[in-house]
Amino acid sequence: MNKFFGHLWTVTKHRHHVFVLCTRCGLFWRGLVHDLSKFLPTEFFEGVKYFNGHYSPIIECRKQNGYSLAWLHHKGRNKHHFEYWYDDQNPEQVDIPYKYAVESVCDRIAASMTYQGKNFDHTKPYYYWKDKTTKDVLNKHMMAFYDKVFADLKDNGLKYILNKKYMKATYTAIVENYESYTQATQ
Ligand SMILES: [Zn+2]
């Protein structure tokens, strides 16, 4: 398959997974508009150039050049990325609003489904979150939220976490009531 169609297919497949997962959490619109900036020239053509079918072309571009213009373009426009919310002059960092936090969970599960195909299982996003994610851009509320969601996913499966009730309750308990959450878990 040539790289143009390879990349187009990967983005489409990924967006489809995100759509299904977000819809299960009641976020139809977030699922529909997810990652649309990947079709803009800055992101799309870099994606084609560094397409490899196994992992994000952004990672490949960074390997070869040290940075990725597609990523800089993408993170500045997509609120489901931690880096969108990061302000180096803010010592605390803001909490990522609910709908984008849930979209980011769906994004990570979908990326795992897209790239791992048949080898995907519900424990994979947890290990990716634990071992391969740069977390210094997150505050402690968000850290605790993702820790809990991906651990629950690993232990209880997709159905357990992919619904509005679970997501709302978890976000409210951890992000909005962080002090009482940490007291309860100590
Ligand atoms: Zn994205």
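These figures come from a predicted structure and were not determined experimentally.

**Q** Hey, could you run me through the overall build of the protein chain in this one?
**A** When you go through the protein chain residue by residue, the secondary structure sums to eleven helices and zero strands. Secondary structure of the protein chain in N-to-C order comes out as α-α-α-α-α-α-α-α-α-α-α. A globule of 186 residues ought to have a C-alpha radius of gyration of about 16 Å, and the protein chain, at 17 Å, matches this closely. Along the three orthogonal principal directions, the C-alpha set of the protein chain runs to about 55 × 40 × 30 Å. Counting the 186 residues in the protein chain, one finds 34% classified as buried. Contacts spanning at least 24 positions in sequence make up 60% of the contacts within the protein chain whose residues lie at least 6 apart.

**Q** Is there a simple way to think about the nonpolar core in this case?
**A** Across soluble globular proteins, you tend to see nonpolar side chains buried next to one another. Among the nonpolar cores identified, the biggest contains 29 residues, and Leu21, Cys25, Val102, Cys106, Phe145 and Val149 are the most heavily contacted of them. For this core, the secondary-structure elements that each account for two or more residues are α1 (3-24), α6 (98-116), α7 (124-132), α8 (140-156) and α10 (164-176). No other element matches α6, which puts seven residues into this core. The residues touching Cys106, leaving out its near neighbours within four places in the chain, are Val18, Leu21, Cys22 and Cys25.

What counts and how
- Residues numbered from 1 in each chain as written.
- Predicted model: local features only at pLDDT ≥ 70, side-chain atom pairs only at ≥ 80, totals over all residues.
- Helix = DSSP H or I, 4+ residues; strand = E, 2+ residues; numbered from the N terminus.
- Rg over C-alpha atoms; globule rule 2.2 N^0.38 Å.
- Buried ≥ 20, exposed ≤ 12 C-beta atoms within 10 Å, placed from the backbone.
- Contact = placed C-beta atoms within 7 Å.
- Core = buried A, V, L, I, M, F, W, Y, C linked by C-beta atoms within 7 Å.

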